[in-house]
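Analysis of the macromolecular model
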Amino acid sequence: IAIVSSLNMRKMLNDNVLVRKLVGIETAGSLNILFTDKTGTITKGKLEVVRFISGEKEEYQEFDALPQKLKELTYQNVILNTSATVTDGKIIGGNMTETALSKYIGDFRLRLPCNRIHFVPFNSANKYSWAKVQSDAQEYCLVKGAPEKLVQQSNYYWDKDGNRQPLTEAMKQSLDDRMLDLAGNAIRMLALCSYDAPCENELPPQNLTLIGILGIRDEVRPEAVQAIAAVQDAGVQVVMITGDRKETAVAIAKDAGLLQHPEEIVWTSSELSTLSDDEVKLLLPKLRVVARALPMDKSRLVRLSQEMNLVVGMTGDGVNDSPALKKADVGFAMGSGTEVAKEAGDIVILDDNFLSIKKAILYGRTIYNSICKFIVFQLTINLSAVAINLIAPFVGIDSPLTITQILWINLVMDTLAAIAFGGEPALEKYLAEAHPLSARRCYLQSFWVVRI
């Protein structure tokens, strides 16, 4: 078993799959349910800001087309309200969203009349980040985060002339309707706000001033659509977990082929939290998408799936994902993720592509088939030898096989056969085959056969 698994590791590395733990690769072939991230895995991970929506609901395609006041505030929010390194007005490093924002402002340079004195990074609970800045004797805050939350906390907006105007409930509803339309086209939104008063530990729940809403597009990988269909045909339930709002997640899931039937379920984190464990277990087979997900949602879904005797796979790239990666039967860490996530995972997907996850499952199925073939071969050889030695004395042959001959059969036939089976290619037909045994049962079966 160790030889068969080891021989396939080099082949898998060529397909951008790095196996850290041998047990992980055979278990990957036995998956019943796979929880996968969206950005960079199902989508291309190349975010692009495609529009800017002001509080007056006016839309701008390019950053250069923005009114001067909105342009300055947007630039400040991008440059100062970030956890990445900023050099010469450019963001260095950071996540994919910050990289997209840096490309959006382009070569625009503004001598900032302020400096950042306090910063609170984005977290899943608040769904926004904010920075406290000082300009001359004035202190104010810049906020960036989920629009469905920040728009409701805004009482004002900046108009195109740079004046603060009241943001009415009717205007909020109009903005929300427009965001729903964009979300239906797989465009995610990011709100930018300001607060013209100093704040120490947390933002106030009201009186923010809306700068604008950015529409960000991330195209679905064409190869991921085919890979998802192949994995689903292999009997693996695929569930997409994302931080996007529900409408955006549904649009992307439909493009990726995850949502195909009306009875399939899409949950948000808040909806999931209202359900008991028994209710989740009952509906889990129909689950396809979890939107606005929190890290603890991943751990809970893994735990409940394992209680249902399912073999669970989980993808992740952040520090917060490491508990779920470690708890899952197979943890797929992303190559662009943190070292903590890679340490917790069993397999590292070097190119962050769902197609590589499909290849890992295919190799797991191949190894499973190779081990089963090897076991059948071993049993055939050894049972034949035992049968000959049992029957021969009754027909007058005292020693049909000597100890040396039996040893030769075990050393040459069994060992070389194991190497031969380990070198078999990964065939697509293995994905279509039924896979009734879980990884634990397969290892237990293999262990007792070897012992016998």
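Our structure is the block above this text.
Quick look at the structure, then.

Let's talk about the sheet that holds strand β17 (residues 312–316)
- The mixed open sheet is built from 8 strands, whose spatial order is β1-β19-β18-β17-β2-β14-β16-β15. The sheet is open, and its two edges are formed by β1 (17–19) and β15 (265–268), each paired on a single side. Between one strand axis and the next, the sheet turns by 20° as a mean value, whatever way the strands run.
- Here 3 bridges tie strand β18 (residues 330–334) to strand β19 (residues 347–349), and the two strands are oriented parallel to one another. The residue of β19 that forms the bridge with F332 is I347.

Looking at the packing of aromatic side chains
- Enumeration over the complete set of coordinates arrives at 2 aromatic pairs.
- Aromatic side chains F63 and Y104 sit 5.4 Å apart centroid to centroid with 75° between the ring planes, which places their arrangement in the edge-to-face category. Residue F63 is located in the loop between β4 (59–60) and α3 (68–80), and its partner Y104 is located in helix α4 (residues 96–105); the two are separated by 41 residues in the primary sequence. Y104 shares its class with F63; the two are buried.
- Across the ring face of F119, the terminal group of R116 is positioned such that the distance to the ring centre comes to 4.6 Å.

Things to note about α4
- The buried fraction of α4 amounts to 7 of the 10 residues, a majority that puts the element mostly inside the structure.
- Residues of α4 that are buried include every one of T97, E98, A100, L101, S102, Y104 and I105, and no others.
- Structurally, α4 contributes buried residues whose contacts are with β3 (48–53), α3, β6 (90–92), β9 (138–145), β12 (187–195) and β13 (208–217).

Conventions we followed
- Residues numbered from 1 in each chain as written.
- Predicted model: local features only at pLDDT ≥ 70, side-chain atom pairs only at ≥ 80, totals over all residues.
- Heavy atoms only, no water.
- Pairing = 2+ DSSP bridges.
- Helix = DSSP H or I, 4+ residues; strand = E, 2+ residues; numbered from the N terminus.
- Axes fitted to C-alpha atoms, helices over the stretch in contact; angles between N-to-C directions.
- Phe/Tyr/Trp six-rings, centres within 6.5 Å; stacked < 30°, edge-to-face > 60°.
- Buried < 20%, exposed > 50% of the residue type's maximum accessible area, 1.4 Å probe, protein only.
- Lys NZ or Arg CZ within 6 Å of the ring centre and 35° of its normal.
- Contact = heavy atoms within 4.5 Å.

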